[in-house]
Amino acid sequence: MPDPARKPVLLTGASGILGTVLAPELAALGWTLRLTDLRPFPNPLPPRASFAQADLSDRAAVLRLAEGCGTILHFGGVSVEQPFEDVYGPNIRGLYHAFEAARFESARMVFASSNHTVGFHPRTDVLDSDCTVRPDGYYGLSKVYGEGMAQLYWDKHGVETVSLRIGSARAEPTDERMLATWLSYPDLVSLVACAAAADDIGHAIVWGVSNNHRMTWWRGDARERIGWLPRDNAEAWAPQLRGLVEPHAVSEERQGGSYCAIGYSRPV
């Protein structure tokens, strides 16, 4: 079984919201962290952590940062819907550099994928992790590409990856949709820890969502294989979020929510 405490762990996107959540919690597990981002790390560095400012488009920099690492937590790149040209560099080229680093180092990859890989499925659909992908924008499309690269690098190079189809990772849910899709920060940390340490996983996909009563859309993933059991439930926020919905009809019909409405041009 891989031991993330034995070799350094590279965390890309460390200065983003999820990176700043993960870094201190993983350091507390005894991990030695190499943090990197295009932006400076906004908080004091955790114990056993170093930070290097780098661009994912810089292949040499990514390969250098990964030297000697046993695990790469790839949370870097554009994390919201943006025009294609803005998404392309970090999420396509930068992702390739991260997977090349994992190949050269024989490292485990934990890839921050997204629920937006399947965002155009209706909310009435019940999806297993091997369902047909239906991305809801260029961001979601880039995550489909990432999952495809994960499969390729397992089949061709033996790089093991756990792709985390993250729902809505927030401190707390902020609208009615998130009563289904919310991923609490403690559940996120445990998901990443389990994904990094699981044995013999090839390429596995896990829905990154807490134990929410209202999540009826997603099932049939690899959580048992990696030993992950989410514990939190968004239902406590239900009374205060009642009626907080998106104004565009397609946003409320589809699993991807507001991302489905961005640039939408079909007749309503």
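For the structure given in this document, a descriptive report is provided here. Remember, predicted model here, so these are calculated numbers, not experimental data.

### With respect to the pattern of salt bridges
Counted by the stated rule, this structure contains 9 salt bridges. Note that Glu 100 is salt-bridged to Arg 103, the shortest N-O span being 2.9 Å. Of this pair, Glu 100 and Arg 103 both sit in helix H3 (residues 84–105), 3 residues apart, which is roughly one turn of that helix. Judged by relative accessible area, which is 30%, Arg 103 ranks as partly exposed. Note that Asp 128 and Arg 219 form a salt bridge whose closest N and O atoms lie 3.0 Å from each other. Of this pair, Asp 128 sits in the loop between strand E5 (108–114) and helix H4 (138–157) while Arg 219 sits in the loop between strand E9 (203–208) and helix H7 (223–226), and the two are 91 residues apart along the sequence. Within this structure, Arg 59, Glu 100 and Arg 103 form a network of salt bridges that share partners.

### Observations concerning the packing of helix H1 (residues 17–27) against helix H6 (residues 185–197)
Running from N to C, H1 and H6 point in directions that differ by 65°, and their axes come no closer than 10 Å. If you check the angle between H1 and H6, you find them roughly perpendicular. In this structure, H1 meets H6 at a crossing whose hand is right-handed. Where H1 abuts H6, its residues Ile 17, Leu 18, Val 21, Leu 22, Glu 25 and Leu 26 lie against Tyr 185, Leu 188, Val 189 and Val 192. Partitioning the contact of H1 with H6 into residue classes produces 9 nonpolar, no polar and 1 charged.

### Here we look at H4
Over its 20 residues, H4 extends 27 Å from the first C-alpha to the last, a length consistent with the 28 Å expected when each residue adds 1.5 Å. Listed in full, the buried residues belonging to H4 are Tyr 139, Gly 140, Ser 142, Lys 143, Gly 146, Glu 147, Met 149, Ala 150 and Tyr 153. Along the axis of H4, the buried residues cluster in a sector spanning 165°; they form a single face. Away from its buried face by more than 90 degrees, H4 exposes Asp 155 and Lys 156. Looking at the buried positions of H4, the neighbouring elements they touch are H3, E5, strand E6 (161–166) and E9.

### A few points about H3
The terminal C-alpha atoms of H3, which comprises 22 residues, lie 30 Å apart, in line with the 32 Å expected from a rise of 1.5 Å per residue. Taking the largest bend as the criterion, H3 deviates by roughly 30°, centred on Gly 94. Tucked into the core, H3 has its buried residues touching helix H2 (59–66), strand E4 (71–74), E5, H4 and E6.

### Focus on the packing of aromatic side chains
With the rule as written, the count across this model stands at 10 aromatic pairs. An angle of 35° between the planes, with centres 6.0 Å apart, marks the rings of Phe 84 and Tyr 88 as tilted. Here the residue Phe 84 and the residue Tyr 88 both occupy positions in helix H3, the gap between them amounting to 4 residues, near one helical turn. Given a relative accessible area of 39%, Phe 84 falls into the partly exposed group. Aromatic side chains Trp 182 and Trp 237 sit 5.0 Å apart centroid to centroid with 65° between the ring planes, which places their arrangement in the edge-to-face category. In this pair, Trp 182 is assigned in strand E8 (residues 182–183) and Trp 237 in the loop between H7 and helix H8 (238–241), connecting sequence segments 55 residues apart.

### Description of the pairing of E9
Counting buried residues along E9, 6 of its 6 residues qualify, which places the element largely inside the surrounding structure. A two-sided burial pattern is seen for E9, the buried positions comprising His 203, Ile 205 and Trp 207 on one face and Ala 204, Val 206 and Gly 208 on the other. In the sheet, E6 pairs with E9 via 6 bridges, with the strands oriented parallel. Residue pairing in the sheet places Leu 164 in a bridge with Val 206 of E9.

How each quantity is defined
Residues numbered from 1 in each chain as written. Predicted model: local features only at pLDDT ≥ 70, side-chain atom pairs only at ≥ 80, totals over all residues. Heavy atoms only, no water. Salt bridge = Lys/Arg side-chain N within 4 Å of Asp/Glu carboxyl O. Helix = DSSP H or I, 4+ residues; strand = E, 2+ residues; numbered from the N terminus. Buried < 20%, exposed > 50% of the residue type's maximum accessible area, 1.4 Å probe, protein only. Axes fitted to C-alpha atoms, helices over the stretch in contact; angles between N-to-C directions. Parallel < 35°, antiparallel > 145°, perpendicular 65-115°, else oblique. Left-handed = near helix turned anticlockwise from the far one by under 90°. Contact = heavy atoms within 4.5 Å. Nonpolar A, V, L, I, M, F, W, Y, C, P; charged D, E, K, R; others polar. Expected span 1.5 Å × (residues − 1). Arc of directions from axis to C-beta. Bend = angle between axes of the 7 residues up to and from the residue. Phe/Tyr/Trp six-rings, centres within 6.5 Å; stacked < 30°, edge-to-face > 60°. Pairing = 2+ DSSP bridges.

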